[in-house]
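# Understanding the architecture of this molecule
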Amino acid sequence: MSGTQNGRSPRSVALVGPYGSGKSTLFDALMDAAGSPVKRPADPRNRPTTTELRLGHCIYLGDPWTLIDCPGSIEFAHETCCALAMVDLAVLVCEPQPAKALAIAPLMKTLADHHVPHVVFINKIDTLEGSLRDTLAALQAYATCPLVLRQVPIAEAGKVTGYVDVVSERAYRYRRGQPSELMQIPSAMADAEQEAKSRLVETLADNDDALLEKVLEDIPPSTGELYADLRKDLAAGAVTEVLLGAADQAGGIRRLWKALRHDTPDVAATAARKGIAPDGPPLIQVFKTVHAGHTGKLSYARLWRGAVKDGVTLGGARLGGIYQMPGGEMTKAAEAEAGQIAALGRLEPVATGVAIAPNGTPEPLGFPAPPPPVYALAIATTDRKDDVKLSGALQKLLEEDATLVLEHGQDTGETVLHGQGEIHLNTTVERLAKNYGLKLTTTRPQVAYKETIRSAVQQHGRLKRQTGGHGQFADVKIDIAPRARGAGFAFIDKVVGGAVPRNFIPAVGDAAEEAAKKGPFGYQVVDIAVTLTDGQFHSVDSSDMAFKTATQIAMKEGLAAADPVLLEPIDRVTISVPNDFTARAQRLLTGRRGQILGYAEKPGWPGWDDVEALVPEAELHDLIIELRSQTMGLGTYRRSFDHLAESRGEAKPRAA
Ligand SMILES: Nc1nc2c(ncn2[C@@H]2O[C@H](COP(=O)(O)OP(=O)(O)OP(=O)(O)O)[C@@H](O)[C@H]2O)c(=O)[nH]1
Ligand SMILES: [Mg+2]
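Small disclaimer: the values here were computed from a predicted structure and weren't measured. Counting restarts for each chain, with residues numbered from 1 along the sequence as it is written. Chain letters and ligand numbers both follow the written order, the letters beginning at A and the numbers at 1. The predicted origin of the model limits local features to residues at a pLDDT of at least 70 and limits the giving and counting of side-chain atom pairs to 80 or more, whereas totals for whole chains, interfaces and linings rest on all residues. Hydrogens and waters are ignored; side-chain quantities use all the structure's heavy atoms.

### Thoughts on the pairing of strand 9 (residues 170–175)
Paired strands are those between which DSSP finds at least two bridges. Think of it this way: any DSSP run of H or I at least four residues long counts as a helix, any run of E at least two long counts as a strand, and we number them from the N terminus. Bridging between strand 8 (residues 159–165) and strand 9 involves four bridges; their strand directions are antiparallel. Across the sheet, the residue bridging to Val164 is Ala171, located in strand 9. Linking two consecutive strands that pair antiparallel, namely strand 8 and strand 9, is a turn of four residues; a positive phi of about 55 degrees is found at Glu169 within it. Direction of pairing for strand 9 relative to strand 10 (residues 178–183): antiparallel, over a ladder of four bridges. Note that in strand 10 the partner of Ala171 across the bridge is Met183. Counting the residues that bridge the hairpin from strand 9 to strand 10 gives two residues, and of these Gly177 lies at a positive phi of roughly 70 degrees.

Set out below in structure tokens:
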């Protein structure tokens, strides 16, 4: 993008916030106001939920910007974290409803942990009922620094129609799709405005001794002083300013733009916050990878330092295109400068998160790790001929989405996709269909049951077959006995006096182990010892094959007679929830045959608990769905295999 008029380096802002708070609507309104309108959905009130980052480049009052619309759904939270690792400032978009305030807690924590400067934008102000103070107080409970109200809403006939700017003390009336118009401060508003102003000044005075003196001496501070303090405190994470608006009627958009313009740190400040040295060769960090049909691989990246030209060597590849997205369309640029976010073409060897430098060794830079998977689906092609295509497509998808985990079930033979939830995996399957023409079926993954035996048996197996001249003969006697849980399979040879010649014994051992792969219930038999005690052979008719067959016969009958039992995998599960939901999480676990081990405060998460339990894996498939529905979408869990336990009849034998 050329045409910046004042030489400021490009800055970038992420729009984050709970699900459905209006981030995408706000993104569109901000792009409109900057003269780079983006394509709208046919029915903006029925806009689909955002499932991946959406980027827009624009120029507002001469400054170049990249806006990033982030998903609000918890299932795509990692995308949001990746964007937050790149930007100079975040706008936390929320709704004027105290009951929904808790939903900002995880984001507030991410912003605070990574010291990302942020402002709060209370959207949908047209739906405000009651006092804005209640929403502010509810939000404050999850904020890590004081929230200061920059605007006071003006209500006419019960509807919010404009606002008073607390710093400049000017009133504005919203006009749909246009800049707001200046109006007189309604006389009824004077008190509310003065109260908001005193709070703002007092909060700022906490970090500014000169201002504090003025407050104590009752000298009104200048607007210039207040603007300067706001900017300084915001960058330092000492206060968070709160703005208001109604994105779907473009209310409060220009006020927000001006706050962004005034208060967003530049790339040098952000690089310093991230520990990047100010001098050195160009430094670029990739935060998203996309395989786009015609352009090939695109690496969305920010330039932390320096400039690059198209065609340079980056991370071992020749840069094949620098793209920008004004109005959502891709346009090619010859060069990208420090601060810019751009899509870089054809950097095949470069992975998401990696920092690169032209012809040089980049500095190691932190990048968010993906959260552990919480939901899984087994996928299969409807046409086996597509299997090769599927594995190629999955490879690309895994490169694009670090929260996808692919597993080939050793016991079940299934291809299992693990991810962040139903919407995430359904979106992935839709993408496989749309972008790669793959027709897939999805099923609930099978549980890797095992089986074992509870008593020891002695079993005889004999093969005697006469076909034409040459016959087959083998005879084995085996003991099959249970072993301790986790001890695995063992084969012991106790044959004496050559009853079974040495050279056939390995065949017996192999056949016994092979036969244990499928027990009477259809699953792998674990923790047994098979001892070959005796047998018979024939000097001509015996062979490895004959001894294998005799062993199979003995194993099949012996296992069925040895009091077999199904073993089901039990996982250690840790649910994390805001502590209002701790009791509910416990009930949910016990309702799923879980054995609660205890609960404790989640380390580093004040107000959250970790509830630990042992739960059968068969009960975990849709745990996340129920957990989220009971915890405002906030609850999550992690799991790891713990042990195999005898099933008390809940587990199902595999269908033949
Ligand atoms: N009343 C009112 N509705 C709004 C406003 N802004 C957005 N909406 C509506 O809120 C709904 C959600 O808007 P989106 O912009 O898709 O919200 P989002 O935050 O991007 O949602 P996710 O991407 O799913 O997290 C849509 O129906 C919008 O029309 C507003 O200022 N006032
Ligand atoms: Mg959205």
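Alright, that's what it looks like, and here's the rest.
### Brief notes about helix 13 (residues 544–561)
The terminal C-alpha atoms of helix 13, which comprises 18 residues, lie 26 Å apart, in line with the 26 Å expected from a rise of 1.5 Å per residue. Taken as a whole, helix 13 has its buried residues at Ala546, Phe547, Thr549, Ala550, Thr551, Ala554, Met555, Gly558 and Leu559. The first or second residue beyond helix 13 is Asp563, which carries a positive phi of 55 degrees. The span you would expect from a helix comes to 1.5 Å times its residue count less one. The classification of residues rests on relative accessible area computed with a 1.4 Å probe and restricted to protein chains. Under 20% of the type maximum is buried, over 50% is exposed, and intermediate values are partly exposed.

### Some details on the coordination of the magnesium ion (ligand 2)
Here the term donor refers to an N, O or S atom within 2.8 Å of the metal (or 3.2 Å for Na, K and Ca), and because water is left out of the atoms, sites may appear incomplete. The protein atoms donating to the magnesium ion (ligand 2) are Ser24 (OG) and Thr50 (OG1), with metal-donor distances spanning 2.0 to 2.1 Å. Placement of the pair is Ser24 in helix 1 (residues 23–33) and Thr50 in the loop between helix 1 and strand 2 (54–60), with a sequence separation of 26 residues.

### Details of the site of ligand 1
For ligand 1, the set of nearby residues contains 20 residues, the closest of which are Gly22, Lys23, Thr25, Thr49 and Thr50. We call two N or O atoms a polar contact when they sit within 3.5 Å, provided that within protein one can donate a hydrogen and the other can accept it, with sequence-adjacent residues counted only if both atoms are side-chain atoms. Within the backbone of Gly20, a nitrogen or oxygen atom sits 3.1 Å from an oxygen atom of ligand 1. For ligand 1, a nitrogen atom lies 2.8 Å from a polar atom in the side chain of Asp126. Here the Shrake-Rupley method, with its probe set to 1.4 Å, supplies the accessible areas, and only the displayed protein chains count as covering residues. When ligand 1 sits alone it has 650 Å² of accessible area, and the protein chains cover 91% of it. When its residues are assigned to classes, the shell around ligand 1 shows four nonpolar, ten polar and six charged. We call a residue near a molecule or strand as soon as one heavy atom of that residue lies within 4 Å of the molecule or strand. Asp, Glu, Lys and Arg are counted as charged, while Ala, Val, Leu, Ile, Met, Phe, Trp, Tyr, Cys and Pro are counted as nonpolar; the rest, among them Gly, fall into the polar class.

### What about the packing of aromatic side chains?
Here a ring pair, both rings aromatic, is described through the centre-centre distance and the interplanar angle of the planes. Here a Phe, Tyr or Trp ring, Trp counted by its six-membered ring, pairs with any other such ring whose centre lies within 6.5 Å, and the pair is stacked when the planes are under 30 degrees apart, edge-to-face when over 60, and tilted otherwise. One pass over the structure, following the stated rule, counts seven aromatic pairs. Between Trp65 and Trp257, the ring centres sit 5.4 Å apart and the planes meet at 65 degrees, which makes this aromatic pair edge-to-face. You can see Trp65 sitting in strand 3 (residues 63–69) and its partner Trp257 sitting in helix 8 (residues 253–263), a full 192 residues away along the chain. A residue is classified by how much of its surface remains accessible, and Trp257, at 0% relative accessible area, is buried. Aromatic side chains Tyr163 and Tyr174 sit 5.9 Å apart centroid to centroid with 45 degrees between the ring planes, which places their arrangement in the tilted category.

### Some words on the nonpolar core
Core analysis: the biggest nonpolar cluster contains 54 residues, and Ile68, Val120, Ile122 and Ile125 have the highest contact counts within it. What marks off one domain from the next here is an automatic or database domain assignment. Looking at this core, you find at least three residues from each of domain 1 (11–265) and domain 2 (274–356). Aside from chain neighbours lying at most four places away, what touches Ile122 is Cys94, Glu95, Pro96, Leu132, Thr135, Leu136, Leu139, Val242, Leu243, Leu244 and Gly245. To form a nonpolar core, buried Ala, Val, Leu, Ile, Met, Phe, Trp, Tyr and Cys residues must be joined to one another through side-chain atoms within 4.5 Å. Counting residues in each nonpolar core, the second largest holds 35 residues, with Leu432, Ala585, Leu588 and Ala613 among its members. Two residues form a contact once any of their heavy atoms are found within 4.5 Å.

### Some remarks on the sheet that holds strand 28 (residues 470–482)
Here we have four strands laid out as an open sheet, ordered 27-28-31-29, and mixed in their pairing. Of all strands in the sheet, those bounded by a partner on one side alone are strand 27 (457–467) and strand 29 (490–493). Mean inter-strand twist for the sheet, computed between neighbouring axes without regard to direction, equals 25 degrees. In the sheet, strand 28 pairs with strand 31 (residues 528–536) via eight bridges, with the strands oriented antiparallel. Within strand 31, the position partnered with Pro482 by the bridge is Ile528. Only C-alpha atoms enter the line fits that serve as axes; for helices the fit covers just the stretch in contact. Angles between N-to-C directions range over 0 to 180 degrees. Those strands touched by helix 12 (residues 505–515) are strand 28, strand 29 and strand 31, and its axis lies near 155 degrees from that of strand 29.

### Some thoughts on the pattern of salt bridges
When a carboxyl oxygen of Asp or Glu lies within 4 Å of a side-chain nitrogen of Lys or Arg, that pair is called a salt bridge. If you walk through the whole model with that rule in mind, you get 43 salt bridges. Of the charged contacts, one joins Lys232 and Asp233 as a salt bridge, the two residues approaching to 3.1 Å between their closest N and O atoms. One continuous salt-bridge network, built from bridges that share partners, spans Arg454, Arg485, Asp527, Asp563 and Glu646.

### Some details on the sheet that holds strand 4 (residues 89–94)
Spatial ordering of the open sheet is given by 2-3-1-4-5-11-6, a layout of seven strands whose pairing is mixed. Each having just a single partner strand, strand 2 and strand 6 (147–149) make up the two edges of the open sheet. Along the sheet, successive strands turn relative to each other by an average axial angle of 25 degrees, direction set aside. Of the pairings in the sheet, the one linking strand 6 to strand 11 (residues 240–244) comprises three bridges and is parallel in character. Residue pairing in the sheet places Val148 in a bridge with Glu241 of strand 11. Against the sheet, helix 3 (residues 105–113) touches strand 1 (11–16), strand 4, strand 5 (118–122) and strand 6, its axis set at about 165 degrees to strand 4.

### A word on the domain arrangement of the protein
By a widely used convention, the size of an interface equals the accessible area lost when the partners come together. Domains assigned within the protein are domain 1 (11–265), domain 2 (274–356), domain 3 (375–443), domain 4 (451–562) and domain 5 (567–646). Centre-to-centre, using C-alpha coordinates, domain 1 lies 39 Å away from domain 3. The partner domain 3 presents nine residues to the five residues of domain 1 that form the contact. Summing both sides of the interface, domain 1 and domain 3 together bury roughly 610 Å²; the carbon and sulfur share of this comes to 58%. The largest contributions to the domain 1 side of the interface with domain 3 come from Glu75, Phe76 and His78, which together make up 68% of the buried area. At the junction of domain 1 and domain 3, the tally comes to one salt bridge. A salt bridge links Glu52 to Arg431, with the nearest nitrogen and oxygen atoms 4.0 Å apart. Class assignment for the residues of the side of domain 1 that touches domain 3 results in one nonpolar, two polar and two charged. Buried area is calculated as the accessible area (1.4 Å probe) missing from two parts once they are joined, with the contributions of both summed.

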